[in-house]
Amino acid sequence: MRTRWAARGACAAVCAVLLSGCQSAPGGEEDGRLGERRTAASPTAARASGYGAEFLGVDECSSFGRTSFTEASCAGERAAARVIARHDGTARDGPRCPATTDFVLHISEQHPSSDEDGDGVVPRGYACMRHLQPPHPGDPGGGGGPRTIVGDCVYDLGDGRVRETACDGGAEREPDFKVTKAVDDRSECPASTALYVRLGGASPVGCARPV
């Protein structure tokens, strides 16, 4: 899970979040999508398996694992998560994943001996994934996922830093604040707001209250 920078009261809110592999890789804070957390795949891990015309296309499934994975039949016992959005290029430059994405698989360009369409190339891209079975950390209050959204909770790390945790208190750390609203500007947050969290997107400011 990535660490998010936030500010109380009139302080400016900054988020700093990247996961291992691509957590410290390009594509997080600098591109304005600071509310994302991303899970990285090994540069040589992804490989084609013939389940569709595109490697990990929308509605296809991946096997268990995030640093080493393959496509898997969604009806099979090896399937762990379904692709809910798929984009070429990098997450830094491409569209954001849907709000309730559980994790992101980053796919480096591959040149396998065979692939879905026979051109010998699996292009660089990323797949927004949703677990086939609960729990869903990307859901509001779930305590994880690549984005911070309304309904999520965070705990205070000190020095203006916060990190997401489950709202139900079932995680290792209890929540200190809950994001109750997403707005265009901090001035639009309700009076009960004690923390501003940068979410990115169309309404980039998260208004958080104590819990």
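The model shown is predicted, which means the values in this text are computed figures rather than measured ones.

## Here we look at the overall build of the chain
When helices and strands are tallied, the chain shows 0 helices and 11 strands. Helices and strands appear in the chain in the N-to-C order β-β-β-β-β-β-β-β-β-β-β. In the chain, buried positions account for 47% of the 211 residues. For the chain, the accessible surface area stands at approximately 9600 Å², while carbon and sulfur atoms represent 49% of it.

## Describing the pattern of salt bridges
Here the idea is simple: oppositely charged side chains can pair when their charged atoms come close. Scanning the model with the defined rule gives 3 salt bridges in all. Arg 86 serves as the salt-bridge partner of Asp 88, at 3.5 Å between the closest nitrogen and oxygen. The salt bridge involving Arg 130 is made with Asp 139; its shortest N-O contact spans 2.7 Å. One salt-bridge network, held together by shared partners, links Asp 102, Arg 130 and Asp 139.

## Focus: the state of the cysteines
All told, the structure shown has 4 disulfides when counted by the stated rule. The disulfide that involves Cys 153 links it to Cys 167, with 2.0 Å between the sulfurs. Judged by the sign of its S-S torsion, about 105°, the cystine formed by Cys 153 and Cys 167 is right-handed. Remark: Cys 167 occurs in the loop between strand E8 (161-165) and strand E9 (177-183) and Cys 153 occurs in strand E7 (residues 153-158); sequence separation between them is 14 residues. Residue Cys 153 is classed as buried on the basis of its relative accessible area, which comes to 2%.

## Observations regarding unusual backbone geometry
Where the residue is not glycine, phi is negative for most of them; where a peptide bond is considered, it is trans in most cases. Each neighbour pair has its own omega, and for Pro 134 with Pro 135 the value is 5°, a cis peptide bond. Look at Leu 56: it is not a glycine, yet its phi comes out positive at around 50°. Summarising the element assignment, Leu 56 is placed in the loop between strand E1 (3-7) and strand E2 (61-63). Its relative accessible area of 0% is what places Leu 56 among the buried residues. Phi is positive for Asp 59, which is not a glycine, with a value near 75°. Mapped onto the secondary structure, Asp 59 falls in the loop between E1 and E2.

Conventions adopted
Residues numbered from 1 in each chain as written. Predicted model: local features only at pLDDT ≥ 70, side-chain atom pairs only at ≥ 80, totals over all residues. Heavy atoms only, no water. Helix = DSSP H or I, 4+ residues; strand = E, 2+ residues; numbered from the N terminus. Buried < 20%, exposed > 50% of the residue type's maximum accessible area, 1.4 Å probe, protein only. Areas by Shrake-Rupley, 256 points an atom, 1.4 Å probe, with all protein chains shown as cover. Salt bridge = Lys/Arg side-chain N within 4 Å of Asp/Glu carboxyl O. Disulfide = S-S within 2.5 Å.

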